[in-house]
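# Residue-level structure breakdown
Okay, here's what each chain looks like letter by letter:
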Amino acid sequence: MDELQILIDLHKHADRQGPGGDAETALALDLAGVDRAAPLAVADIGCGTGASALLLARLLPNARITAVDFLADFLDVLQARAARAGVAERITPLACSMDELPFADGQFDLIWSEGAIYNIGFEAGVAGWRRFLKPGGLLVVSEITWTTASRPAELQAHWDGEYPEIAPASAKIGVLEQQAYSPVAYFTLPEHCWLENYYRPMQARFADFLARQDHSAAARAVVAAEQREIDLYERYKDHVSYGVYVARKLG
Ligand code: SAM
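Residues numbered from 1 in each chain as written. Predicted model: local features only at pLDDT ≥ 70, side-chain atom pairs only at ≥ 80, totals over all residues. Heavy atoms only, no water.

## Examining the UniProt feature "domain: Methyltransferase" (unreviewed entry) in the protein
In plain terms, the rule: UniProt positions are given in the numbering used here, feature names are shortened, and annotations may be inferred rather than shown by experiment. Every helix listed is a DSSP run of H or I at least four residues long, and every strand listed is a run of E at least two residues long, numbered separately from the N terminus.
Within the UniProt annotation, "domain: Methyltransferase" (unreviewed entry) is assigned to residues 42-137. Structurally, residues 42-137 comprises 32% helix and 27% strand, and the distance from its first C-alpha atom to its last is 10 Å.

## Considerations on the environment of Ile117
Condition: Each residue gets one of three labels from its accessible area relative to the maximum for its type: buried under 20%, exposed over 50%, partly exposed in between, using a 1.4 Å probe on protein chains only.
Relative to the elements of secondary structure, Ile117 occurs in the loop between strand E4 (108-113) and helix H5 (122-129). Classification of Ile117 as buried rests on a relative accessible area of 0%.

## Overview of the site of the ligand
Heads up, the condition is: We call a residue near a given molecule or strand whenever any one of its heavy atoms falls within 4 Å of it. Whenever two N or O atoms come within 3.5 Å, that pair is a polar contact, provided that in protein one can donate a hydrogen and the other can accept it, and provided that, for residues adjacent in sequence, both atoms are side-chain atoms. Note on areas: Shrake-Rupley, 1.4 Å probe, and residue coverage restricted to the protein chains presented here. Gly counts as polar in this scheme, as do all residues outside two lists: the nonpolar Ala, Val, Leu, Ile, Met, Phe, Trp, Tyr, Cys and Pro, and the charged Asp, Glu, Lys and Arg.
Inspection of the region around the ligand gives 18 residues, with Gln17, Gly46, Asp69, Met98 and Glu114 positioned closest. In this structure, an oxygen atom belonging to the ligand sits 2.6 Å away from a side-chain N or O atom of Asp69. In this structure, Phe70 approaches the ligand through a main-chain N or O atom, which is 3.3 Å from a nitrogen atom. Surface burial for the ligand is 92%, taken as the share of its 590 Å² of free accessible area covered by protein chains. Within the shell around the ligand, the residues separate by chemical class into eight nonpolar, seven polar and three charged.

## Let's talk about helix H2 (residues 22-32)
This is how the line gets drawn: In what follows, residue pairs with any heavy atoms lying within 4.5 Å of each other are defined as contacts.
What H2 keeps buried is the set Glu24, Thr25, Ala26, Ala28, Leu29 and Ala32. Summarising the contacts, the buried residues of H2 are in contact with helix H3 (51-59), E4, strand E5 (133-146), strand E7 (181-188), helix H8 (191-212) and strand E8 (240-249).

If you want it as structure tokens, here you go:
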């Protein structure tokens, strides 16, 4: 089994594939100030198994949501969850890469993306997705962010290797301004979004995952890498989090 299939097996049984929380998704929606009763056209990009898409479908009862992920396995889980929640007819899954989206200019009132834009980079993502928003449309995006001006060398070295675009919120907000968005709001994800909502449930899946994978060397390497990331977060959580950015398209 290749590494991607192994990662899918670890993550597809989860409610979410990255740090976040229902209360924080709802807070971002409040800060965006959308009319919840409106028939909004929404895209959730990098939706995974549907943590935010399913909540948005509940909170926006007249919205239609296009849920995009390049992994069909995750979208299959999302569809099953949507059916159980009674919102399947308002969520359209789309298996597609986030840098080759087939959307029309001005198609969406709201573009949502939690813990996913790093796959193509924050600047490329906010620049590339802008044209899909209506004038005045809203972008809500979470992005790994430094929360202090300086940080320990070990943490800096880790993220310089993983994602050199990591930066403080001031720089991310600057990118939004340069790309012709007006920043509306910003907050950071609190610790429980990482530990209780994401890392602890993942750790609880390790044993069954390793059993399904016959304790292969590749599966053990995946668990070890995830555990290293968890250890790093727990050691240095004062310095790093996801920032949640809400911005309005200008023009
Ligand atoms: N938004 C979900 C959540 O918060 O639970 C998932 C976050 S997960 C960290 C990142 C997601 O982006 C995964 O579901 C992954 O399959 C998806 N992804 C990665 N690269 C992608 C790409 N190029 N195009 C579309 N989706 C991608």
